[in-house]
Amino acid sequence: MTDGQRGETSMSDSRVEGWSTSRYWTYLRNVLRRGFSRYPNKYEVLKRSKEGRNQYRCAGCGGVFGKKDTSVDHIEPCGPLRTWDDVAPFVDKMFCSLDGLQVLCKTCHDYKSLVDRGMSEEEIASIWFKKLKAKEQKQWLMDAGIEPASNAEKRLKQYRRTL
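Residues numbered from 1 in each chain as written. Predicted model: local features only at pLDDT ≥ 70, side-chain atom pairs only at ≥ 80, totals over all residues. Heavy atoms only, no water.

A.B. asks: Pulling in residues and values, what's your account of the packing of aromatic side chains?
C.D. replies: This structure, assessed with the given rule, holds twelve aromatic pairs. Measuring from ring centre to ring centre gives 6.2 Å for Phe-129 and Trp-140, while their planes differ by 75°; the resulting arrangement is edge-to-face. In this pair, Phe-129 is assigned in helix 5 (residues 121–131) and Trp-140 in helix 6 (residues 134–143), connecting sequence segments eleven residues apart. Relative accessible area serves as the criterion here: at 30%, Trp-140 is assigned to the partly exposed category. The interplanar angle of 5° and the centroid separation of 4.3 Å between the aromatic rings of Phe-129 and Tyr-159 together place this pair among those described as stacked. Taken together, the residues span a long stretch of sequence, with Phe-129 in helix 5 and Tyr-159 in helix 7 (residues 152–162) at a distance of 30 residues. For the pair formed by Phe-129 and Tyr-159, the shared burial category is buried. An aromatic cluster is present here, built from Trp-128, Phe-129, Trp-140 and Tyr-159 joined pairwise through their rings. (Phe/Tyr/Trp six-rings, centres within 6.5 Å; stacked < 30°, edge-to-face > 60°. Helix = DSSP H or I, 4+ residues; strand = E, 2+ residues; numbered from the N terminus. Buried < 20%, exposed > 50% of the residue type's maximum accessible area, 1.4 Å probe, protein only.)

It is worth stressing that arrangement in space is one thing and function is another; only the former is reported here.
In structure tokens form, the structure reads like this:
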């Protein structure tokens, strides 16, 4: 590939011997994300959502959470980074202005990320239910008036029927 060439890359175009194209683009995406971790607007949006010492208000649910339980979220997803044509839009969205960022708690951020990836409400709810410990799944089903099944797969089917 020449320096001016754009578009799709092939396996041999990863620029690092032994790396697949996917690995190459994943590496570049991670380098840009590490750069975002030091981006001044990230710290400013955190400062604006600060409620107290190490406490931040979630723009999604309105709850107050510790810093380790929050994320700075891009309101508009950065999108894919798989070709040279994706670089400029990705960087533009990654290093956006303050009004393109928000602080979300981990739960709201996880939910928004799944919605941004095109998952349905039912798929997202199923993922949430699967993350619960067996005891919590059983309690949820009992609270819904359902006798819990003995294994996780059957409990998930029971849960899905309630949606």
